[in-house]
Amino acid sequence: MDVSSAESSAPGWINSLMDTLGAPGAGIAVALENLFPPLPSEVILPLAGFAAATGRMDLLDAVLWTTLGSVVGALGLYGVGALLGRDRTVAIAARLPLVKATDIERTEAWFARHGTKAVFFGRMIPVFRSLISVPAGIERMPLPVFLGLTTLGSGLWNTAFVLAGYALGDNWSEVTGYVDAYAKVVLASALAAIVLFVTLRLLRPGRGARRG
């Protein structure tokens, strides 16, 4: 395998972390990706799998450490939502580069619609996968439930992408193309579900009427 050419499409800091720390470096990178959603998990996870394929880290360690990183990052965002509340969290998000307040609002609506299921399935949906921790914290979802669902959802997502990078070898970066197509379909479906939910709430019989 031509390691240098295969890694050329990955950000240098990710390679540095993995070269220096191995699987724990991959976990740190994923934790940062959860805290700062614009960072590319679709690059970090397949690259960790590729690193395992070249013998730079153990495959199981890659899965375990990246999943731990996902949980730590998600717990950080849960804490932000719980400590700051909705209004302050949205205000801060609006000032961050590449993060939109509307993304949090859409995630909130999805969480309101699906509750605990949103945390599990949200870990496997681009954009929502990081931000879903915020409304969970705002609503003070029981921490053991949040951690359990986050660990399970993150474990499935991370395992799939790490294994994809391991199997593709030099072509690990091809995973991003599949993610882009997947993201467009999933985000469009999620947006349609949110619109439908809001519409049904507005059209609910008796809404706004004075009760006797």
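A. Looking closely at unusual backbone geometry. Positive phi outside glycine occurs at Arg140, with the angle close to 55°. Along the chain, Arg140 turns up in the loop between α9 (133-138) and α10 (143-168). What makes Arg140 exposed here is its relative accessible area of 54%.

B. Seen up close, the nonpolar core. Formed by 23 residues in total, the largest nonpolar core has its most connected members in Ile14, Met18, Ile44, Leu45, Ala48 and Met57. Mapped onto this core, the elements with two or more residues apiece are α2 (12-21), α3 (23-35), α4 (41-53), α5 (59-95) and α10. Apart from the residues within four sequence positions on either side, Met18 is in contact with Ala26, Ile44, Leu47, Ala48, Arg56 and Met57. Grouped together as the second largest cluster of nonpolar side chains are 12 residues, Phe111, Ala118, Ile125 and Met141 included.

C. Main features of the packing of aromatic side chains. On inspection of all chains with the given rule, the structure shows three aromatic pairs. With a centroid separation of 4.7 Å and an interplanar angle of 35°, the aromatic rings of Tyr78 and Phe146 are classed as tilted. Here Tyr78 is found in helix α5, whereas its partner Phe146 is found in helix α10, with 68 residues between them in sequence. Relative to Phe121, the ring of Phe120 lies with its centre 4.8 Å away and its plane at 75°, an arrangement referred to as edge-to-face. What makes Phe120 buried here is its relative accessible area of 16%.

D. Seen up close, helix α6 (residues 101-114). The terminal C-alpha atoms of α6, which comprises 14 residues, lie 20 Å apart, in line with the 20 Å expected from a rise of 1.5 Å per residue. Turning to α6, its buried residues are Ala101, Asp103, Ile104, Thr107, Glu108, Ala109, Trp110 and Phe111. Just downstream of α6 lies Gly115, where phi reads positive at about 60°.

E. Quick peek at the packing of α3 against α5. Relative orientation of the contacting elements α3 and α5 amounts to 30°, with a least axis distance of 7 Å. On the basis of their axis angle, the class for α3 and α5 is roughly parallel. For α3 against α5, the interelement crossing comes out right-handed. Where α3 approaches α5, its residues Ala23, Pro24, Ala26, Gly27, Val30, Ala31, Asn34 and Leu35 are matched on the opposing element by Asp61, Ala62, Trp65, Thr66, Gly69, Ser70, Gly73, Ala74, Gly76 and Leu77. Partitioned by chemical class, the residues of the contact of α3 with α5 number 10 nonpolar, seven polar and one charged.

Parameters at a glance
Residues numbered from 1 in each chain as written. Predicted model: local features only at pLDDT ≥ 70, side-chain atom pairs only at ≥ 80, totals over all residues. Heavy atoms only, no water. Helix = DSSP H or I, 4+ residues; strand = E, 2+ residues; numbered from the N terminus. Buried < 20%, exposed > 50% of the residue type's maximum accessible area, 1.4 Å probe, protein only. Core = buried A, V, L, I, M, F, W, Y, C linked by side-chain atoms within 4.5 Å. Contact = heavy atoms within 4.5 Å. Phe/Tyr/Trp six-rings, centres within 6.5 Å; stacked < 30°, edge-to-face > 60°. Expected span 1.5 Å × (residues − 1). Axes fitted to C-alpha atoms, helices over the stretch in contact; angles between N-to-C directions. Parallel < 35°, antiparallel > 145°, perpendicular 65-115°, else oblique. Left-handed = near helix turned anticlockwise from the far one by under 90°. Nonpolar A, V, L, I, M, F, W, Y, C, P; charged D, E, K, R; others polar.

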